[in-house]
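Commentary on secondary and tertiary structure
So you can see what is in the structure, the chains are spelled out below.
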Amino acid sequence: MKDEVRTETDLKKRYSAGVMKYANMGYWEPDYQPKDTDVLTMFRITPQDGVDAIEAAAAVAGESSTATWTVVWTDRLTACEKYRAKAYRVDPVPNSPGEYFAYIAYDLDLFEPGSISNLTASIIGNVFGFKPLKALRLEDMRFPVAYVKTFQGPATGIVVERERLNAYGRPLLGATVKPKLGLSGRNYGRVVYEALAGGLDFTKDDENINSQPFMHWRDRFLYCMEAVNRASAATGEVKGTYLNVTAGTMEEMYERAEFAKSLGSVIIMIDLVIGYTAIQSMAKWARANDMILHLHRAGHSTYTRQRSHGVSFRVIAKWMRLAGVDHLHAGTVVGKLEGDPATTKGYYDIFREEYNPTALENGIFFDQDWASLNKMMPVASGGIHAGQMHQLLTYLGEDVVLQFGGGTIGHPHGIQAGATANRVALEAMVFARNSGRDIWNEGEDILRDAARTCTPLKQALDTWKGVTFDYASTDAPDFAPTPEVSM
Amino acid sequence: MKLRQGQFSFLPDLTDDDIRTQAQYAIDNGWAVSVEYTDDPHPRNVYWEMWGHPMFDNKDAAAVVFEVNECRKEHGSKYIRVLAFDATHGWESIRMMFIVNRPTEEPGFRVVRQEVEGRNMRYTIESYAAREPEGARY
């Protein structure tokens, strides 16, 4: 969309006291060519009735950079042209009347190097409650290489994580300990031991397991590490359990992380709700202490799920890759939690690729060069089981942690049997794929064949036969996939 | 005890034909396949002995099976694994790893616990076999 609104060029008029449209103040520049060094954003805007889309886009640019509600003469003490964010393109959203995609460019000097908190305070700090808009969603961002290079990136990265675990060529397997609340440390460690000895690589604390009356954190860490080491001896493999160090203060988190390290844990865990600065601090700690850092995206659905308002998860994923976590949950497609296949592919590409080309059908609106920042391991969890292994491997690929919580602990013949069923199903599926078989179509046969020499897998397949979660997604891409790219 | 390292240690032992198929998958992906053996299977023993260099220019997985069998002639009582190396920028590490030969008896590992201050514990994992000198373990 273009219209006749133009920046006021008569400086006397431009800076006379009073209120002026944002589009006239210089926040709408339809001819602007974004620079390679600009930070770019794409917002979905839903203006209030009667509010012009271009003025709304200019207002978002203004309120996320230099503007306030009225003209201020002090702008003229600055190189204000440079500091103004510039909305440069507004398109109607396909099939969504009243919604527009607004592209905005920000000069690199608007941001403190290496600070997600500063970045987000600018981009989402002020605009989401803005009255002229009914709703606003940050759909995507592009970071210039110069800015990417100011961040540490994932503390460990996929390649080094695999080297440390000595685990290659297959997805990693995990399980969240259940029930997530109420187990004593001793009983909790039992679940960890059984799952790891049965064949999983990882077990995991849940997001709200911190230090509660039924189990204080030191007890959990001590029993879990006994379980990890016993399971490692039982299998000859490196094993890990994500010890959640989330706490009320940074000092307590550091104390818990140090204790995990002193016990020999290979991995610790934090929750998204601790905040961006705390996440970056823990990422630095993890890099300095040879620790894999798992991030549970606790709370994200409060702002990622609805299409019209909030922040897309793909943006959160980009922020977290910059912030420096190694693991992050990213959806399963086939499980119980939100996740359309095309959108989820976009997330996985953001986690794992060195370069993301624009792919509207996956919700990726910009080219993004990651400048050799480490790759982040996606974690798939929530309502998945061994019977879906062919679908999981097809959709999610090899560099992913598949977490079967209920699908391990809920096995009719116990946790070890559940873990073994998952591991055998996984290895059989990777083996079949590498041998050139069509796992998408032959998946069920491959699993049934593998179950002939593995009773636990047969029991798992019988128990969860036909369990699917087939609901329409609330967050699908706006652009239909073309036949060449559809999965 | 069965050593569970590698991609396929929960499946029945691989046949020579299985090894060929998996090695060909690696070759077709442009990865260099190599053969290594050890009598110290500790999970953190990174450097198994190399049975020659990675086969960088080999296009035929039959050559991998041949080398595995040559290695078996000399080290058939030990662990032998096949690896695939990917030299692509951004990876430059191992893509595949699977065990193709193991000792008939696998005595496994013990956990050594050193009780230190408070309830803290220092853990060590020790291979029963590796208590014997190299070459006399299996």
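Anything mentioned here points back to the structure above.
Please read these numbers as outputs of a predicted model, since none were measured by experiment.

Secondary structure summary: chain A contains 19 helices and 15 strands in total. For chain A, whose C-alpha radius of gyration is 25 Å, the value lies close to the compact-globule estimate of 23 Å for 487 residues. Projecting the C-alpha coordinates of chain A onto the three principal axes gives extents of approximately 80 × 50 × 35 Å. Looking at chain A residue by residue over its 487 residues, the buried ones come to 62%.

This part takes up helix α15 (residues 389-396) of chain A. Given 3.6 residues per helical turn, the α-helix brings residues three or four places apart onto the same face. All names here are of chain A. All of the buried residues in α15 are Met389, His390, Leu392, Leu393 and Leu396. Looking straight down α15, one finds that the buried residues subtend no more than 165 degrees of arc, so they occupy a single side. Close packing links the buried residues of α15 with α14 (341-352), β14 (377-381), β15 (401-403), α17 (415-434) and α18 (439-452). One or two steps after α15, the chain reaches Gly397, where phi turns positive at roughly 80 degrees.

Residue and element names in this part refer to chain A. Here Val127 is to be found in the loop between α5 (116-123) and β4 (133-142). Judged by relative accessible area, Val127 falls into the buried class, the value being 1%. In this structure the C-alpha to C-alpha distance between Val127 and Ala59, which are 68 residues apart in sequence, comes to 8.5 Å. Apart from residues lying up to four places away in sequence, Val127 is in contact with Val60, Glu63, Ser64, Leu133 and Leu136.

The next point concerns the packing of α5(A) against helix α11 (residues 276-288) of chain A. Residue and element names in this part refer to chain A. Relative orientation of the contacting elements α5 and α11 amounts to 155 degrees, with a least axis distance of 8 Å. Considering their axes alone, α5 and α11 lie roughly antiparallel with respect to each other. The chirality of how α5 crosses α11 is right-handed. Listed contacts from α11 to Ile116, Ser117 and Thr120 of α5 are Tyr276, Thr277 and Gln280. Within the contact of α5 with α11, the residues separate by chemical class into 2 nonpolar, 4 polar and no charged.

This paragraph deals with the sheet that holds strand β4 (residues 93-101) of chain B. All names here are of chain B. Strand order in the open sheet made by the 4 strands is β2-β1-β3-β4, with antiparallel pairing throughout. Strand pairing shows two members of the sheet lacking a second neighbour, β2 (49-50) and β4, which therefore form its edges. Bridge analysis of strand β1 (residues 32-38) against strand β3 (residues 79-86) gives 7 bridges, and the strand direction is antiparallel. Residue pairing in the sheet places Thr38 in a bridge with Tyr79 of β3.

Residue and element names in this part refer to chain A. The step from Lys178 to Pro179 runs through a cis peptide bond, and the omega angle for that step is -5 degrees. Mapped onto the elements of the fold, Pro179 is located in the loop between β5 (172-176) and α8 (185-198). The residue Asp290 is not glycine, and still its phi comes out positive at about 55 degrees. One can find Asp290 in the loop between α11 and β9 (292-296).

All names here are of chain A. Counting buried positions along helix α13 (residues 313-323) gives 11 out of 11 residues, so the element sits mostly inside the fold. Taken as a whole, α13 has its buried residues at Phe313, Arg314, Val315, Ile316, Ala317, Lys318, Trp319, Met320, Arg321, Leu322 and Ala323. Two to three positions downstream of the cap, the backbone nitrogen of Arg314 sits 3.0 Å from a side-chain oxygen, assigning the N-cap of α13 to Ser312. In the segment just after α13, Gly324 is the residue with positive phi, at about 110 degrees.

Our next topic: the side chain of Thr344(A). Here Thr344(A) is to be found in helix α14. Apart from the residues within four sequence positions on either side, Thr344(A) is in contact with Ala330(A), Gly331(A), Val333(A) and Gly339(A).

Cut-off values and rules
- In this convention, every chain numbers its residues from 1, walking through the sequence in written order.
- In the order they appear in the text, chains get letters beginning with A and ligands get numbers beginning with 1.
- Given that the model is predicted, a residue must reach a pLDDT of at least 70 before its local features are reported, and side-chain atom pairs must reach 80 or more before they are shown or counted; all residues, however, enter totals for whole chains, interfaces and linings.
- Heavy atoms from the whole structure form the basis of all side-chain values; hydrogens and water molecules are not counted.
- Strands here are runs of E lasting at least two residues and helices are runs of H or I lasting at least four, both read from the DSSP assignment and numbered beginning at the N terminus.
- With the radius of gyration taken over C-alpha atoms, the globule rule is written as 2.2 Å times the number of residues to the power 0.38.
- With a 1.4 Å probe rolled over the protein chains alone, any residue whose accessible area is under 20% of its type maximum counts as buried; one over 50% counts as exposed, and the rest are partly exposed.
- What the arc describes is the spread of directions from the helix axis to the C-beta atoms.
- A contact between two residues is defined here by any heavy atoms of the two lying within 4.5 Å.
- Comment: axis = line fitted to C-alpha atoms, over the contacting stretch for helices; angle = value between 0 and 180 degrees taken between N-to-C directions.
- Geometric relationships in this document are graded by angle, where less than 35 degrees denotes roughly parallel, more than 145 denotes roughly antiparallel, 65 to 115 denotes roughly perpendicular, and other angles denote oblique.
- Crossing handedness is defined as follows: a turn of the near helix away from the far one that is anticlockwise and smaller than a right angle gives a left-handed crossing, while the clockwise case is right-handed.
- Asp, Glu, Lys and Arg are counted as charged, while Ala, Val, Leu, Ile, Met, Phe, Trp, Tyr, Cys and Pro are counted as nonpolar; the rest, among them Gly, fall into the polar class.
- The pairing criterion is simple: DSSP has to find at least two bridges between the two strands.
- Each polar contact in these results corresponds to two N or O atoms within 3.5 Å; when the atoms are within protein, one needs to be able to donate a hydrogen and the other to accept it, and residues that are neighboring in sequence are counted only if both atoms are side-chain atoms.

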